[in-house]
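The residues making up each chain are set out below.
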Amino acid sequence: MSNDEPSAQDEQSAPYSSAATGSGSTEPKRIRTHHLQRFKGEGRKFTMITAYDAMIANVLDEAGVELLLCGDSAANVMQGSDSTLSITVDEHLVYAKSVVAGAKRALVVADLPFGSYQASPEQAVHTAVRYMKEAGVHAVKMEAHAGNAHHVRAVVDAGIPVMAHAGFTPQAEHQLGGFRVQGRGEQARKVIDDARALEEAGAFCILVEMIPATLMEEVEAAVQVPTIGIGAGTGSTGQVLVWQDMLGLNNGRLPRFVKKYADLRGIITEAVRNYREDVAQGIFPAEEHTF
């Protein structure tokens, strides 16, 4: 049986909520790559959110998120770096393993950090194998383009599912001149060509970042595999956001494409202030909190 063929265990399921699908479809116990392909065929949208620890991964998993991305953005939101470039494989593997521990249903994808796969296809395979063996992730993500699609092919040929990342690629921020929208004007053809080359290399999904919405629609139509957008409009099969951004934990400037669904920073700040006041006034711990 191939990796993308559903097993009997995968097809044991509970009904979708009618609000989510409006149909009698069934929900797999574990999301696999072939389910994402099916979603695209059915015209169904899916979600991916970043996670870096077991507790948040479990919350997002229980909320029904289909994919969890242990991104190299851990360098920013967990380590306080200004760039994703600084995080090492050994550091990132700890986060990835934690996410896998918290996810019971979602497909867990891990970024390959900068410098861990660019040198050669062999280096890419070696690093990807570590993520599969040491962290237990279900797939890896590689920032790639037509010129290095053979690195993606090597990892796929080693039996490891690859999500390719095109458009704006944060690990190449200095080469691209900073955080700039890609694919405008004559650059549009390159984004489409990259997506097609990465599909040909065996990527099961292509994430495209910070391109015009109309171009995202063209990319979605140009490839048979599902696409995921971030800052790319609604034309993709799926969407991804960083959880600290979308839930309001980040107090910095948010990218234009982020919608803030909650103000966790405000909630946490108020709760901690109340705790501090209770301690100062001798209210906590009360009798019910004491042995």
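Residues numbered from 1 in each chain as written. Predicted model: local features only at pLDDT ≥ 70, side-chain atom pairs only at ≥ 80, totals over all residues. Heavy atoms only, no water.

1. A look at a nonpolar patch on the surface
A cluster of nonpolar residues, Tyr-275, Val-279 and Phe-284, forms a patch on the protein surface that exposes about 280 Å² of accessible area. As for its placement among the helices and strands, Tyr-275 is situated in helix H12 (residues 264-280). By relative accessible area, which is 49% here, Tyr-275 ends up partly exposed. (Patch = residues over 30% accessible without salt bridge, like charges linked within 9 Å, V, L, I, M, F, W, Y side chains within 5 Å. Areas by Shrake-Rupley, 256 points an atom, 1.4 Å probe, with all protein chains shown as cover. Salt bridge = Lys/Arg side-chain N within 4 Å of Asp/Glu carboxyl O. Helix = DSSP H or I, 4+ residues; strand = E, 2+ residues; numbered from the N terminus. Buried < 20%, exposed > 50% of the residue type's maximum accessible area, 1.4 Å probe, protein only.)

2. Describing the side chain of Ser-73
Among the structural elements, Ser-73 can be located in the loop between strand E4 (67-70) and helix H5 (74-77). Excluding its chain neighbours within four sequence positions, the residues that come into contact with Ser-73 are Thr-50, Tyr-52 and Thr-84. (Contact = heavy atoms within 4.5 Å.)

3. Re the environment of Ala-139
Counting through the fold element by element, Ala-139 comes out in strand E6 (residues 139-143). Between the alpha carbons of Ala-139 and Phe-114 there is a distance of 17 Å; along the sequence they are 25 residues apart. In contact with Ala-139, other than residues within four places in its own chain, are Leu-107, Val-108, Val-109, Ala-110, Met-132, Pro-161 and Phe-204.

4. Structural notes on the pairing of strand E3 (residues 46-50)
In terms of burial, E3 is largely enclosed, as 4 of its 5 residues are buried. Relative to strand E10 (residues 238-241), E3 runs parallel, the two sharing 4 bridges. Its bridge partner being in E10, Thr-47 is matched across the sheet by Gln-239. As paired strands, E3 and E4 are joined by 3 bridges and run parallel to one another. Paired with Met-48 across the bridge in E4 is Leu-67. A crossover connection joins E3 to the parallel E4 through helix H4 (residues 54-62); in handedness this β-α-β unit is right-handed. (Pairing = 2+ DSSP bridges. Right-handed = clockwise from strand over helix to strand, strands pointing away.)

5. Notes on the UniProt feature "binding site: Mg(2+)" (unreviewed entry) in the chain
The feature "binding site: Mg(2+)" (unreviewed entry), as given by UniProt, occupies Asp-72, Asp-111 and Glu-143 in the numbering adopted here. Spanning 72 residues, the named residues form one tight spatial group whose C-alpha atoms are at most 11.1 Å apart. Take Asp-111: it is sitting in strand E5 (residues 107-111). Judged by its relative accessible area of 4%, Asp-111 is buried. What Asp-111 contacts, discounting residues up to four positions off in sequence, is Leu-69, Cys-70, Gly-71, Asp-72, His-92, Tyr-131 and Lys-141. At a separation of 2.8 Å, a polar atom in the side chain of Asp-111 contacts the main-chain amide nitrogen of Asp-72. (UniProt positions renumbered as here; feature names shortened; annotations may be inferred. Polar contact = N/O pair within 3.5 Å; in protein donor to acceptor, adjacent residues only side chain to side chain.)

6. Structural notes on the UniProt feature "active site" (unreviewed entry) in the chain
Summarizing the sequence annotation, UniProt attributes the feature "active site" (unreviewed entry) to Glu-209 in the numbering used throughout. Structurally, Glu-209 can be placed in strand E8 (residues 205-209). Taking the relative accessible area as the measure of exposure, Glu-209 reaches 9% and is therefore buried. The residues touching Glu-209, leaving out its near neighbours within four places in the chain, are His-165, Ala-166, Gly-167, Phe-168, Pro-170 and Ile-230. At 3.0 Å, the side chain of Glu-209 and the side chain of His-165 are in polar contact.

7. Some thoughts on the nonpolar core
Judged by nonpolar contacts, the single largest core of 60 residues is most densely connected at Tyr-131, Val-140 and Val-219. If we skip the residues at most four places from it in the chain, Val-140 touches Val-109, Ala-110, Leu-112, Ala-128, Tyr-131, Val-155, Ile-160, Pro-161, Val-162 and Met-163. Within the second largest apolar cluster, 17 residues are counted, among which are Leu-36, Phe-46, Leu-107 and Met-163. (Core = buried A, V, L, I, M, F, W, Y, C linked by side-chain atoms within 4.5 Å.)

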